[in-house]
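Spelled out, the chains give:
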Amino acid sequence: MASLVVRSRARLFHGHCWVYGTEVAHVHGEPAPGDVVRLIDQRNRPLGSAIFNPQSQIVARRFSFRRQDLDADFFVRRITRAWQYRQQLADSAAPNAAGIDPRLCRVVWSESDGLPGLIVDRYDDALVVQTLTRAMDDRKPLITAALNEVLAPRVIVERNDSPIRKAEGMDPAVTGILSGEGATVIEWPAPPVTLRIDLLDGQKTGLYLDQLTNHRAVAALAPGARVLDAFCHQGGFALACAAAGAASVDAIDSSQPAVDAGSAAAGDAGLDIRWHVRNAFDALKEFEKRGDQFDLIVLDPPSFTKGKGSLQSALRGYKELHLRALKMLAAGGRLATFSCSHHVGWQELRDIAAAAAVDARRSVRLRQTLGQRADHPIDLAIPETEYLRGLVLEVTASW
Ligand code: SAH
């Protein structure tokens, strides 16, 4: 089997699992993209087993500290372990696990579950799979068999339409059914609403599962409040706030299908939400100009940056959003703001909010920090596994 000699000082020696091309001193053998390779240090000591792809900047991703092949048993073991963790979460009292139902959760999350590039989301009796590394993509039949063995779903859907597959030299537009049959639109009861989740054509794998606990946390602030949910997708925050007794709810998203799904769910449940299919930057500007005021504003934009290169312009965009939102908050109003890019750290998010508050002539206090739901676990040695950060801020003074 081929092996890669990893230079000392590589992040691998600090518990990370990625090996960049620049961190490889030598390649023994001729591994093909998607192969399993052994990692060794410059003194020939073993460092574990990794998946290889020279087409990616990350040429190897370690998936085991031992000699290990990517065989059927391995997938069954790793998926079983990941699934057991999600089942435990259902009984957890931790805030980031509140209300987790293992029938609607991320079952496998890539590096955090020792399966680099594999994502599996469960939506009731359906599973949605993404294989974002070449090695996982090559082994879809093994993965499908293992998922059927461990979870026995009715249907397994493939959502390999993520642009990040391009970084591995793979087709970024593959969707379909991997096994089973039947409906790929799921109706999920989230009283008082029924969510309609389109597994083949919705965004991501259907829903933003990582935000589900935060919908509840923010809705706790909603009774009696005038709420604005910007970047609402299907209105996760808007629906929860309306159900919790908000005085009014406005929800903005640029995606017509997402808003259609949200507005259908609201209509069925008799919840009153004003939906706006708009660019949120334009809509916020217009609302502000008109003198609208809110008591609770949610900002949950997509990751505007995929890399460090575009970070500065992304940060300017974030700041503009915060400035407009803060200006529209009434006395004592709250802003729940999220960033889903691992490139924007906690301090950066705070700094943006702080600078925007000064420009908006508001003092704010930090009421709460929010993060990704616990079914998207964070591996401390792999900082990239922490990506969703949220702050709940409260206006204490206007000047
Ligand atoms: N808040 C949602 C998740 C939002 S994800 C939840 O909790 O479920 C980000 C959303 O921003 C997506 O639904 C996407 O359609 C939307 N979006 C992207 N760019 C936008 C823009 N410029 N204006 C408004 N919405 C935008």
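The structure presented is a predicted model; accordingly, all values stated were derived computationally and were not measured. (Residues numbered from 1 in each chain as written. Predicted model: local features only at pLDDT ≥ 70, side-chain atom pairs only at ≥ 80, totals over all residues. Heavy atoms only, no water.)

## A closer look at the packing of helix 4 (residues 212-219) against helix 5 (residues 236-243)
Line of reasoning, step 1. Running from amino to carboxyl end, helix 4 crosses helix 5 at an angle of 40°, the nearest separation of the two axes being 9 Å. Relative to helix 5, the element helix 4 is oriented oblique. The crossing of helix 4 and helix 5 is right-handed. Between helix 4 and helix 5, the residues in contact are N214, H215, V218 and A219 and G236, F237, A240 and C241, respectively.
Line of reasoning, step 2. Grouping the amino acids of the contact of helix 4 with helix 5 by side-chain chemistry returns 5 nonpolar, 3 polar and no charged. (Axes fitted to C-alpha atoms, helices over the stretch in contact; angles between N-to-C directions. Helix = DSSP H or I, 4+ residues; strand = E, 2+ residues; numbered from the N terminus. Parallel < 35°, antiparallel > 145°, perpendicular 65-115°, else oblique. Left-handed = near helix turned anticlockwise from the far one by under 90°. Contact = heavy atoms within 4.5 Å. Nonpolar A, V, L, I, M, F, W, Y, C, P; charged D, E, K, R; others polar.)

## Some points on the side chain of T184
Line of reasoning, step 1. With respect to the secondary-structure elements, T184 resides in the loop between strand 11 (174-180) and strand 12 (185-190).
Line of reasoning, step 2. Those residues in contact with T184 that sit more than four places away from it in its chain are V157, I177, I197, D198, L199 and L200.

## Looking at the packing of aromatic side chains
Within a pair of aromatic rings, the relevant descriptors are the distance that separates the centres and the angle that separates the planes.
Line of reasoning, step 1. Counted by the stated rule, this structure contains 7 aromatic pairs.
Line of reasoning, step 2. Centre to centre, the rings of W109 and Y387 are 5.6 Å apart; their planes meet at 50°, and the pair counts as tilted. A residue pair is termed long-range when its members are at least 10 positions apart, and W109 in strand 7 (residues 104-109) and Y387 in the loop between strand 19 (362-371) and strand 20 (389-398) qualify at 278 residues. For the residue pair W109 and Y387, the accessibility class agrees, reading buried in each case. (Phe/Tyr/Trp six-rings, centres within 6.5 Å; stacked < 30°, edge-to-face > 60°. Buried < 20%, exposed > 50% of the residue type's maximum accessible area, 1.4 Å probe, protein only.)

## A closer look at the packing of helix 7 (residues 280-290) against helix 8 (residues 311-328)
Packed helices, taken two at a time, are described by the angle between their axes plus the distance between the axes.
Line of reasoning, step 1. Their axes nearest at 10 Å, the elements helix 7 and helix 8 cross at an angle of 30°. Classed by the angle they form, the pair helix 7 and helix 8 counts as roughly parallel. Handedness of the crossing formed by helix 7 with helix 8: left-handed. Contact residues: F281, L284, K285, F287 and E288 in helix 7; G317, E320, L321, R324, K327 and M328 in helix 8.
Line of reasoning, step 2. Split by residue class, the contact of helix 7 with helix 8 holds 5 nonpolar, 1 polar and 5 charged.

## Some details on the sheet that holds strand 6 (residues 58-64)
Line of reasoning, step 1. A sheet is described by the order of its strands in space; here 6 strands give the open sequence 2-6-5-4-1-3, paired in mixed fashion. Each edge of the sheet is formed by a strand with only one pairing partner; in this case those strands are strand 2 (18-20) and strand 3 (24-28). For this sheet, the mean angle separating the axes of adjacent strands, direction not counted, is 35°.
Line of reasoning, step 2. Relative to strand 6, strand 2 is paired through 3 bridges, and the arrangement is antiparallel. Note on strand 6: the bridge partner recorded for Y20 is I58. (Pairing = 2+ DSSP bridges.)

The values are spatial; any link to function lies outside them.
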